[in-house]
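The residues making up each chain are set out below.
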Amino acid sequence: MSTVSGPLGVFDYNQYRHLTHFNEAVMILNGRMPPPRTAVFYPAHACRKNSRWCEPREFDGQVYSYLEPQRMMALLASLRAVGVMGVELCGGNDPALYPELAEVLPVASADGLAIGMLTMGAYCTGALAEALVSSARYVRVALGGAHAASHQERSQVSFDAVCAHVRELADLRNERHSALRISLRIAVDNRNIAEVGDCAELALRLGADSLQFKPVRLGPHALASAQSEEAVQALQALRQRYPGMPVTGGLDRLHVSRQCWLTPLQLMLDANGDVYLCCNFTHEDTAEPLGNVFEQPLHDIWYGETHWDALRTPQPHACAAEECRFLRSSAAPGELLGANDAYFGFE
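What you see is a predicted model, and the numbers here were worked out from it, not measured in a lab. (Residues numbered from 1 in each chain as written. Predicted model: local features only at pLDDT ≥ 70, side-chain atom pairs only at ≥ 80, totals over all residues. Heavy atoms only, no water.)

J.: What should I look at first to understand the nonpolar core in this one?
T.: The nonpolar side chains of a soluble globular protein tend to be buried, and buried together. Counting 81 residues, the largest nonpolar core has Leu79, Leu184, Leu211 and Phe213 as the members making the most contacts within it. Here the element with the most residues in this core is helix α6 (residues 159-176); it accounts for seven residues. Other than its neighbours up to four places away in sequence, Leu184 contacts Val141, Leu143, Val166, Leu202, Ala203, Leu206, Ala208, Ser210, Leu211 and Gln212. Residues Tyr42, Leu118, Met268 and Tyr276 belong to the second largest nonpolar core, which totals six residues. (Core = buried A, V, L, I, M, F, W, Y, C linked by side-chain atoms within 4.5 Å. Buried < 20%, exposed > 50% of the residue type's maximum accessible area, 1.4 Å probe, protein only. Helix = DSSP H or I, 4+ residues; strand = E, 2+ residues; numbered from the N terminus. Contact = heavy atoms within 4.5 Å.)

J.: Sorry if this is basic, but what is going on with the pairing of strand β7 (residues 181-188) here?
T.: Regular strands place side chains that alternate from one sheet face to the opposite one. Across the eight residues that make up β7, a large majority, six, are buried. As defined by bridge partners, strand β6 (residues 138-143) adjoins β7 across six bridges and the pair is classed as parallel. Bridge assignment links Val141 to a residue of β7, and that residue is Leu184. Bridge count between β7 and strand β8 (residues 210-215): six bridges; the pairing is parallel. Paired with Ser183 across the two strands is Ser210, which belongs to β8. (Pairing = 2+ DSSP bridges.)

J.: Even after reading the chapter, I still don't get the sheet that holds strand β11 (residues 274-276), so can you show me in this structure?
T.: Consider a sheet: its strands pair through backbone hydrogen bonds, and that pairing is either parallel or antiparallel. Pairing in this open sheet of 10 strands is mixed, and the strands run β9-β8-β7-β6-β5-β4-β1-β10-β11-β12 from one edge to the other. Looking along the sheet, the strands with just one partner apiece sit at the ends: β9 (247-249) and β12 (291-292). Bridge analysis of strand β4 (residues 86-89) against strand β5 (residues 114-119) gives four bridges, and the strand direction is parallel. Bridge pairing in β5 places Val87 opposite Ile115. Across the sheet, α6 is in contact with β6 and β7; its angle to β7 comes to roughly 155°. (Axes fitted to C-alpha atoms, helices over the stretch in contact; angles between N-to-C directions.)

J.: For this particular structure, what's the right way to read helix α7 (residues 196-206)?
T.: Within an α-helix, residues lying three or four positions from one another point in the same direction, as the helix has 3.6 residues per turn. When α7 is considered as a whole, its buried residues turn out to be Val196, Cys199, Ala200, Leu202, Ala203 and Leu206. What you see down the axis of α7 is that its buried residues fit within an arc of 165°, all on one side. Next to the buried residues of α7 lie β6, α6, β7, β8 and α8 (225-241). Looking at the residues trailing α7, positive phi occurs at Gly207, about 85°. (Arc of directions from axis to C-beta.)

J.: Would you mind going over the environment of Gly304 with me for this structure?
T.: Looking at the element boundaries, Gly304 is found in the loop between α9 (298-302) and α10 (305-311). Residue class for Gly304 comes out buried when judged on its relative accessible area of 18%. Through-space distance from the C-alpha of Gly304 to that of Met33 is 9.2 Å; in sequence the pair is 271 residues apart.

J.: Looking at this model, I keep getting lost on the pairing of strand β10 (residues 266-269). Mind explaining?
T.: Burial along β10 is two-sided: Gln266 and Met268 facing one way and Leu267 and Leu269 facing the other are all buried. Judged from the four bridges that link them, strand β1 (residues 38-41) and β10 form a sheet pairing that is parallel. Within the sheet, the bridge partner assigned to Thr38 lies in β10 and is Gln266. As paired elements, β10 and β11 share two bridges and run antiparallel to each other. Within β11, the position partnered with Leu269 by the bridge is Val275. Counted along the chain from β10 to the antiparallel partner β11, the turn is four residues long, and its residue Gly273 has a positive phi close to 90°.

J.: Mind showing me how you'd approach the pattern of salt bridges here?
T.: Between side chains of opposite charge, a pair can form when the charged atoms approach closely. Tallied over the entire structure, the rule returns 11 salt bridges. A salt bridge links Asp209 to Arg173; the shortest N-O distance between them is 2.9 Å. In this pair, Asp209 sits in the loop between α7 and β8 while Arg173 sits in helix α6, placing the two residues 36 residues apart along the sequence. One salt bridge in this structure joins Arg312 and Glu305, with 4.0 Å as the shortest N-O distance. (Salt bridge = Lys/Arg side-chain N within 4 Å of Asp/Glu carboxyl O.)

The structure is reproduced here in structure tokens:
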């Protein structure tokens, strides 16, 4: 566990990922768009509401739009062509709802793409479980808490079924000697804050490799300041009690004072072929798409002036309301790469 190249793999070191993007960060600061290393991709839209915070308990089980398999493979090829090395499947309620996902995953993996998936876990069984074990790098399963009662308060997806599928994945992974990493992803709010410690026990019981905590920052159940402090202490205690269980994410309150500038490290694409600045700005009330890959080349969208204009749009107060992987990262590299470049001297 002491090295990134060790048994845990790079995907368990999320909070340090920005440290690997030095060259790309310098390019952005110098006004040059770097090629995207990773992409967040919504392969299906299973919700008609286009709501900012989709509640799984409102979902009726139907897939309303998704890419046909041939277009899906063409889209993945275009991602590879612009430099994307890894794709995280998420959004649209659940990427596992994409009907041909079990067939697409092995082809994408064979083409050189590292595949990860964020899912509710309700459909990760059978053929899809086989495909994930053979072709994916990681699976993060979202839960509403460490116990059935708190989970079902947030989701109509059966807690027991999700747990059974995680255990199935873990057993199959071990049986096949697969490198698949399995993580439980817990959204923490004022309804389940007391269960932070129990989540580690659940992860161990199900055979998961790591835990990720994401605070709920908007809505009536968002953590208050005092609760955030309590949650941070609980997280610290958890890391000390379970040193062998990687715990990622943070539950402290964010204080964002500057505009984010690291979104070009990651490309955001939805089931309609629309490209967005980032996954927090994909809805009608936040942003227009940069372009559509079925109407113009992805290369032209990524390196076009519309992308640069959009990069100047997000304001700190809007980003502070989100839980974004770049929020903490965007300040530190800016300080290091700007006026304080003496940090990289060797005299």
